[in-house]
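So the chains spell out like this:
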Protein chains: 2
Amino acid sequence: MDIKYPKGATLTASSSAAAKRPTIFGDRGMTLEQEINESNTYYRKQNLAVIYKKPTPIQIVKVDYPKRSRAVIREAYFRQASTTDYNGVYQGYYIDFEAKETRHKRSFPLSNFHEHQIQHLANCLQQQGICFAIIKFVTLQRYFVLPAAVLIDFWQKASHGGQKSLPLHFIETNSFEIKAGYNPILPYLDICRQLIKLTGEHHG
Amino acid sequence: MDIKYPKGATLTASSSAAAKRPTIFGDRGMTLEQEINESNTYYRKQNLAVIYKKPTPIQIVKVDYPKRSRAVIREAYFRQASTTDYNGVYQGYYIDFEAKETRHKRSFPLSNFHEHQIQHLANCLQQQGICFAIIKFVTLQRYFVLPAAVLIDFWQKASHGGQKSLPLHFIETNSFEIKAGYNPILPYLDICRQLIKLTGEHHG
């Protein structure tokens, strides 16, 4: 493109962006999964919440049992998970979420989710869980907590001919942005507190 | 032994036992894990609760990517889980438990549990989860839901020189017995309801 920038404009624009987000400790080449795992470790150590990533489901076909040595899996296959990747408990509330990242800049393609993940979120929501997706725009270095109800609604419209991608402006309007920090890297529990207030569920 | 039974007594005794427990559909050679998984499937289909067994954690060392075929794991090892095996959500409550079976008849050895499982239950309990162990006496064909608080307390006493095995009479007194049924095979959600009432936790 042939746009003539005023002298120094590029530099100014970039310093201005840096000024807006002075503390990006998150993505030093970490994946979203690593960032969430580190945040969960922090939350557990601080006794704030007990949330784990579930192990990857594996279909084991062949195992060797060598003498004087531990069992070795010699043939196994990755299976598709029937649930989301993360769940746990925070002050009595059941927390359940999926985490996805994209290099897209303007929208988040729904194809990143699987039907059964959406179904699982809907099932947990029906059981009054606190359910959401954490979406990371890698290139933009931005993180959003999208409530499951919003995602499910968008998904259902898409399956009836609606948009197949969540536009960034839709996400900006309908979710909670998280600023990456230091401890924890992704303070998504702050958003859980807000979601709990919003749902206003009472037990007893 | 040389006990002389009155004529027909054996038959009577066995019919009497059958009358007491007329519907043992549980252990037709099923493991406790299978019984719980089938119960969880039932609960999910009936929209009563969303509870899953977590996948076994595997450390993957070598993966082959054959052409035109899916990835094959060629070397992997079993890792020890850092949590319990089961968790999920029931009417807004976080449910977390471990399941263990024994062929012992008079007591349940604590060595069936790992330190980190007890620690995980304690952590979840602190976050107001509904936490317990399901214990199956395979030979006796009896199932118990032991509240996590009782298990943790017994564990701590054991580590200070107390008994290393939960006596059956202790379990009978301090837990909830479940009768195996048909749908679900193990109606442990009934006990969850009682545990929720007992803890009397309120959210809001």
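Criteria and cut-off values
- Residues numbered from 1 in each chain as written.
- Chains lettered and ligands numbered in written order.
- Predicted model: local features only at pLDDT ≥ 70, side-chain atom pairs only at ≥ 80, totals over all residues.
- Heavy atoms only, no water.
- Contact = heavy atoms within 4.5 Å.
- Buried area = accessible area lost by both parts, 1.4 Å probe.
- Salt bridge = Lys/Arg side-chain N within 4 Å of Asp/Glu carboxyl O.
- Polar contact = N/O pair within 3.5 Å; in protein donor to acceptor, adjacent residues only side chain to side chain.
- Helix = DSSP H or I, 4+ residues; strand = E, 2+ residues; numbered from the N terminus.
- Nonpolar A, V, L, I, M, F, W, Y, C, P; charged D, E, K, R; others polar.
- Buried < 20%, exposed > 50% of the residue type's maximum accessible area, 1.4 Å probe, protein only.
- Least-squares fit on C-alpha atoms with pLDDT ≥ 70 in both.
- Expected span 1.5 Å × (residues − 1).
- Arc of directions from axis to C-beta.
- pLDDT = per-residue confidence, 0-100.
- Phe/Tyr/Trp six-rings, centres within 6.5 Å; stacked < 30°, edge-to-face > 60°.
- Lys NZ or Arg CZ within 6 Å of the ring centre and 35° of its normal.
- Pairing = 2+ DSSP bridges.
- Axes fitted to C-alpha atoms, helices over the stretch in contact; angles between N-to-C directions.

Colleague: Whenever I open this one, the interface of chain B and chain A confuses me. Can you help?
Modeller: It is common to report an interface's size as the accessible area lost on association of the parts. If you look at the interface, chain B gives 43 residues, while chain A gives 43 residues. Of the roughly 3700 Å² buried between chain B and chain A on both sides combined, carbon and sulfur atoms contribute 60%. Inspection of the region where chain B meets chain A yields 0 salt bridges. The tally of links between chain B and chain A comes to 11 residue pairs in polar contact (both at pLDDT 80 or more). Every element with two or more residues in the side of chain B that touches chain A is listed here: strand E1 (50-53), strand E2 (58-64), strand E3 (72-78), strand E4 (86-90), strand E5 (93-102) and helix H3 (115-126) of chain B. In terms of residues, the side of chain B that touches chain A owes the most to one element, E3 of chain B, which gives 7 residues. Among the residues forming the side of chain B that touches chain A, the class breakdown is 20 nonpolar, 18 polar and 5 charged.

Colleague: Help me understand unusual backbone geometry, please; the structure alone is not making it clear to me.
Modeller: Glycine aside, negative phi is the norm for most residues, and most peptide bonds take the trans geometry. Between Asn-183 of chain A and Pro-184 of chain A the backbone carries a cis peptide bond, its omega angle lying at 0°. Considering the arrangement of structural elements, one finds Pro-184 of chain A in the loop between strand E10 (176-178) and helix H6 (189-199). Backbone geometry places Gln-91 of chain A, a non-glycine residue, at a positive phi of 45°. By relative accessible area, Gln-91 of chain A is classed as partly exposed at 42%. One non-glycine residue, Gln-128 of chain B, adopts positive backbone phi at about 65°. Topologically, Gln-128 of chain B is positioned in the loop between H3 and strand E7 (130-137).

Colleague: Whenever I open this one, the relation of the copies chain B and chain A confuses me. Can you help?
Modeller: Put simply, the second copy of the chain is the first one after a rotation about an axis and a shift along it. Superposing chain B onto chain A requires a rotation of 180° together with a translation of 0.0 Å along the rotation axis, leaving an RMSD of 0.0 Å. In the structure described here, the two chain copies are related by an operation that fits a two-fold rotation axis. Here 100% of the interface residues in chain B have copies in chain A that are interface residues too; the copies meet face to matching face.

Colleague: Please clarify how helix H2 (residues 32-45) of chain B should be interpreted in this entry.
Modeller: Since there are 3.6 residues in each turn of an α-helix, residues three or four apart along the chain are aligned in direction. Residues and elements named next belong to chain B. With 14 residues, H2 should reach 20 Å at 1.5 Å per residue; the first-to-last C-alpha distance of 20 Å fits that figure. Those residues of H2 not exposed but buried are Leu-32, Glu-35, Ile-36, Ser-39, Asn-40 and Tyr-43. Viewed along the axis of H2, the buried residues span an arc of 135°, placing them on a single side of the element. Among the structural elements, E1, E4, E5, E7, strand E8 (142-147) and helix H6 (189-199) are those in contact with the buried residues of H2. At the C-terminal side of H2, Asn-47 shows a positive phi close to 55°.

Colleague: Would you explain the confidence of the model for chain A in this entry?
Modeller: Predicted coordinates in areas of low pLDDT are best not read in detail. The share of residues in chain A with pLDDT of 70 or more is 84%, and the mean pLDDT across the chain is 87. Confidence drops under a pLDDT of 50 for residues 1-24 of chain A, and excluding neighbours within four residues, the segment shows 7 contacts in the predicted structure.

Colleague: Got a minute to help me understand the pattern of salt bridges in this structure?
Modeller: It is possible for side chains bearing opposite charge to pair when their charged atoms get close. For the structure on display, the rule yields 18 salt bridges over all chains. Where Lys-136 of chain B meets Glu-35 of chain B, a salt bridge forms, and the shortest distance between an N and an O atom there is 3.2 Å. Here Lys-136 of chain B, found in strand E7, pairs with Glu-35 of chain B, found in helix H2; they are 101 residues apart in sequence, far enough to count as distant. Lys-136 of chain B sits in the buried class, given a relative accessible area of 1%. Asp-64 of chain B is the salt-bridge partner of Arg-74 of chain B, the closest N and O atoms lying 3.7 Å from each other. Taken together, the residues Arg-74 of chain B in strand E3 and Asp-64 of chain B in strand E2 connect sequence positions 10 residues apart. Relative accessible area serves as the criterion here: at 33%, Arg-74 of chain B is assigned to the partly exposed category. A single network of salt bridges, built from pairs that share partners, joins Arg-142, Glu-172, Glu-177 and Lys-179 of chain A.

Colleague: Hey, could you run me through the packing of aromatic side chains in this one?
Modeller: Any aromatic ring pair is given by two values, namely how distant the centres are and how the planes are angled relative to each other. Taken as a whole and judged by the stated rule, the model has 21 aromatic pairs over all chains. An angle of 55° between the planes, with centres 5.0 Å apart, marks the rings of Phe-154 of chain A and Phe-170 of chain A as tilted. With Phe-154 of chain A in helix H4 (residues 148-159) and Phe-170 of chain A in helix H5 (residues 168-174), this residue pair connects regions lying 16 residues apart in the sequence. Measuring from ring centre to ring centre gives 6.4 Å for Phe-108 of chain B and Phe-137 of chain B, while their planes differ by 80°; the resulting arrangement is edge-to-face. Linking Phe-108 of chain B in strand E6 (residues 107-109) with Phe-137 of chain B in strand E7, this pair joins segments that are 29 residues apart in sequence. Both residues of the pair, Phe-108 of chain B and Phe-137 of chain B, belong to the buried class. An aromatic cluster is defined as three or more aromatic residues linked by ring pairs; in this entry it consists of Tyr-42, Tyr-43, Tyr-86, Phe-97, Phe-132 and Tyr-188 of chain A. The aromatic ring of Tyr-77 of chain B is capped on one face by Arg-70 of chain A, whose charged end is 4.2 Å from the ring centroid.

Colleague: Got a minute to help me understand the sheet that holds E2 of chain B in this structure?
Modeller: Neighbouring strands of a sheet are bound in pairs by backbone hydrogen bonds; such pairs are parallel or else antiparallel. Ordered by their spatial adjacency, 4 strands build an open sheet running E2(A)-E3(A)-E3(B)-E2(B), and the pairing between neighbours is antiparallel. A single partner strand is all that each edge strand has here, and the edge strands are strand E2 (58-64) of chain A together with E2 of chain B. Across the sheet, the axes of successive neighbouring strands diverge by a mean angle of 35°, strand direction being ignored. With 2 bridges joining them, strand E3 (residues 72-78) of chain A and E3 of chain B adopt antiparallel strand pairing. Among the inter-strand pairings, Ala-76 of chain A is bridged to a residue of E3 of chain B, identified as Ile-73 of chain B.

Colleague: I would appreciate a short explanation of the side chain of Glu-35 of chain B in the present structure.
Modeller: Residues and elements named next belong to chain B. Residue class for Glu-35 comes out buried when judged on its relative accessible area of 0%. Of note is the side chain of Glu-35, whose polar atom sits 3.2 Å from the side chain of Lys-136. In this structure the side chain of Glu-35 is engaged in a polar contact, spanning 2.9 Å, whose partner is the side chain of Tyr-143.

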